[in-house]
Amino acid sequence: MKILSAVIALTAVLAAPIAFAREASPRQTHADASPRIAPERLARLDTALQRYVEEDRIAGAVALVLRNGQPVYERALGWSDKEAGRRMSADTVFRIASQTKAITSAAILILAEEGKLTLTEPVSRTIPAFAKTTVASAQGAGGAPIAAGRPITLHDLLTHTAGISYGTDDAIKAAYREQGLGPAAGFGWYTADKDEPVCTTMERLATLPFAAQPGEAWVYGYNTDILGCVVERAAGMPLDAFIRSRITGPLGMKDTVFFLPPAQRERLAAVYGSGKDGRIERAPEGSRGQGHYIEGPRRNFAGGAGLLSTARDYARFLEMIRRGGALDGVRILSPRSVRLMRSNQSGALYPQSGLGFGYGFEVTERFGAHGLDGEGAFGWSGAYGTMYRVDPESGLVLVLMLQLLPNHTDIQSVFSTVTYQALD
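A quick note: this is a predicted structure, and the numbers were derived from the prediction, not measured.

Student: Would you mind showing me how to read the pairing of strand S2 (residues 70–81) here?
Tutor: In summary, the side chains of a regular strand alternate between the two faces of the sheet. Burial within S2 is extensive, with nine of its twelve residues counted as buried. Inspection of the sheet shows strand S1 (residues 60–67) paired to S2 by eight bridges, in the antiparallel sense. Each bridged residue has a counterpart across the sheet, and for Val-65 the counterpart in S2 is Tyr-73. Between S1 and the antiparallel strand that follows it, S2, lie two residues; Asn-68 among them carries a positive phi value of about 50 degrees. Where S2 and strand S3 (residues 86–87) come together, two bridges link them in antiparallel fashion. Across the sheet, residue Asp-81 finds its bridge partner in S3, namely Arg-86.

Student: Would you mind going over the confidence of the model for the protein with me for this structure?
Tutor: Caution is warranted with low-pLDDT regions, since their predicted coordinates should not be read in detail. On average, residues of the protein carry a pLDDT of 93, and 91% of them reach 70 or more. Of the regions scoring below 50 in pLDDT, residues 1–17 engages in 18 contacts with residues more than four places distant in sequence or in other chains. Every residue in residues 24–31 is under pLDDT 50, and counting partners more than four places away or in other chains gives seven contacts.

Student: Is there a simple way to explain the state of the cysteines in this structure?
Tutor: Each disulfide is one covalent bond, formed between the sulfur atoms of two cysteines. Overall, the coordinates contain one disulfide when judged by the stated rule. Residue Cys-199 pairs covalently with Cys-229 via a disulfide, S to S 2.1 Å. Taking the sign of the S-S torsion, 110 degrees for the link of Cys-199 and Cys-229, the bridge is right-handed. Remark: Cys-229 occurs in helix H9 (residues 223–235) and Cys-199 occurs in helix H8 (residues 198–205); sequence separation between them is 30 residues. Judged on exposure class, the residue Cys-199 and its partner Cys-229 are both buried.

Student: Would you mind showing me how to read the packing of aromatic side chains here?
Tutor: Each aromatic ring pair is described using two quantities: the centre-to-centre distance and the angle formed by the ring planes. By the definition in use, this model includes 19 aromatic pairs. Relative to Tyr-384, the ring of Trp-189 lies with its centre 5.6 Å away and its plane at 80 degrees, an arrangement referred to as edge-to-face. Here Tyr-384 lies in the loop between strand S14 (378–381) and strand S15 (387–391) and Trp-189 lies in the loop between helix H7 (173–178) and H8, a separation of 195 residues in the sequence. For Trp-189, a relative accessible area of 8% gives the class buried. We classify Tyr-384 as buried; its relative accessible area is 0%. Through successive ring pairs, a cluster of aromatic residues spans Tyr-166, Trp-218, Tyr-220, Tyr-222, Tyr-350, Phe-357 and Trp-380.

Student: Even after reading the chapter, I still don't get the sheet that holds S1, so can you show me in this structure?
Tutor: Across a sheet, strands are paired by hydrogen bonds formed along the backbone, either parallel or antiparallel in direction. Strand order across the open sheet formed by eight strands is S3-S2-S1-S16-S15-S14-S13-S12, with antiparallel pairing between neighbours. The two strands at the open ends of the sheet, each matched to only one other strand, are S3 and strand S12 (355–357). As defined by bridge partners, S1 adjoins strand S16 (residues 396–401) across six bridges and the pair is classed as antiparallel. Within S16, the residue paired with Arg-67 across the bridge is Leu-396. Sheet contacts for helix H4 (residues 44–54): S1 and S2; angle to S2, the most-contacted strand, approximately 15 degrees.

Student: Any chance you could explain the pairing of S16 here in plain terms?
Tutor: Of all six residues in S16, six are buried, a share of seventy percent or more. Residues Leu-396, Leu-398 and Leu-400 of S16 are buried on one face, and the alternating residues Val-397, Val-399 and Met-401, pointing to the opposite face, are buried as well. Here S15 runs beside S16; their pairing, made up of five bridges, is antiparallel. The residue bridging Val-390 from the neighbouring strand is Val-397, located in S16. Counting the residues that bridge the hairpin from S15 to S16 gives four residues, and of these Gly-395 lies at a positive phi of roughly 70 degrees.

Student: What should I look at first to understand unusual backbone geometry in this one?
Tutor: For residues that are not glycine, phi is negative in most cases, and the peptide bond is trans in most cases. A cis amide bond, omega 0 degrees, links Leu-405 with the succeeding residue Pro-406. Here Pro-406 lies in the loop between S16 and helix H13 (411–420). The phi dihedral of His-160 is positive, around 60 degrees, even though this residue is not glycine. Considering the arrangement of structural elements, one finds His-160 in the loop between helix H6 (154–159) and H7.

What counts, and where the lines are drawn
- Residues numbered from 1 in each chain as written.
- Predicted model: local features only at pLDDT ≥ 70, side-chain atom pairs only at ≥ 80, totals over all residues.
- Heavy atoms only, no water.
- Buried < 20%, exposed > 50% of the residue type's maximum accessible area, 1.4 Å probe, protein only.
- Helix = DSSP H or I, 4+ residues; strand = E, 2+ residues; numbered from the N terminus.
- Pairing = 2+ DSSP bridges.
- pLDDT = per-residue confidence, 0-100.
- Contact = heavy atoms within 4.5 Å.
- Disulfide = S-S within 2.5 Å.
- Phe/Tyr/Trp six-rings, centres within 6.5 Å; stacked < 30°, edge-to-face > 60°.
- Axes fitted to C-alpha atoms, helices over the stretch in contact; angles between N-to-C directions.

So this is what it looks like as structure tokens:
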């Protein structure tokens, strides 16, 4: 019965249309030179992914693979809300958390192309509260913060080399909690419940000590949320409006939003978490679970972790990046700006050998450094279990959407590996 239900669900997904334009003829020679996909081997994904549902390790997922802009694999598996009896579908909406970072980074580059900011300028040019920042003392929580050695730049924020964490470090977590950040903000990055603009939140962040000196370490944290405020100040409009008018709207990403309309609440997948035995448990309400993406204040647009999206929507954004900044005749970014995003801009600071970090993406510099990624592949993931990878060498875009926080499965690496093994 489970197999029959899965087949019915998969058939419905395959019958639904998905709109991606074929590559223009000037790129066709390059596209034809990329490895071919063996359909019978790609079909192994069905068994590999369904196993996680059957073993109750995930409630459900949507998996999408594009090759040269065309879908070669699309499946909706399991449940979007198991308790409510709602099956997963291709248009299910997911919380994508840190996958928001790439879109906000693109917004910064759009403004740079228009001359409204430069990537080397100090963030204090648009957010004066960052003119004088501090760093937690090496002596720990008892030591007084020390002055930052230099101003934080937009480049630092884009590459996560500003020294700014999510405020959950032992030396600073108490101070962050008092300001409604760090441990007081879900797992550190959550702001959807705040009844204030993101710039107000980021100005408060500027008064707190950071984890490292600017330019001295790769530290993952509120960097892109600060960039969201920079977008608002430089563009003169809220972050959601800028993203809608300059990125998601032109690309036809109608389901990529910070907050879902109440009438569409049943489209939002429920959040689960990996229990102690590895089986899923429904996550609680609130900032450490289901979130406030429908009934929240709808005022705080978190550029680092706030968007909702579908697999198809997010794949359109990635396909635009893969093609050098344009899709379906609409140019979002110049090829040179896209090259900045998908090449290592963090030097030797990124902590994993063979990988680097560009402007919004982790970048594979050596084959074998990230599974079966080709050199030049790039991607990232989200706290709720979502992930994506783009491999220009193979013409591939991989998107996996699920809602599992915490996620103690290996489904992301399995999805990637089984996709790559289908290449001839």
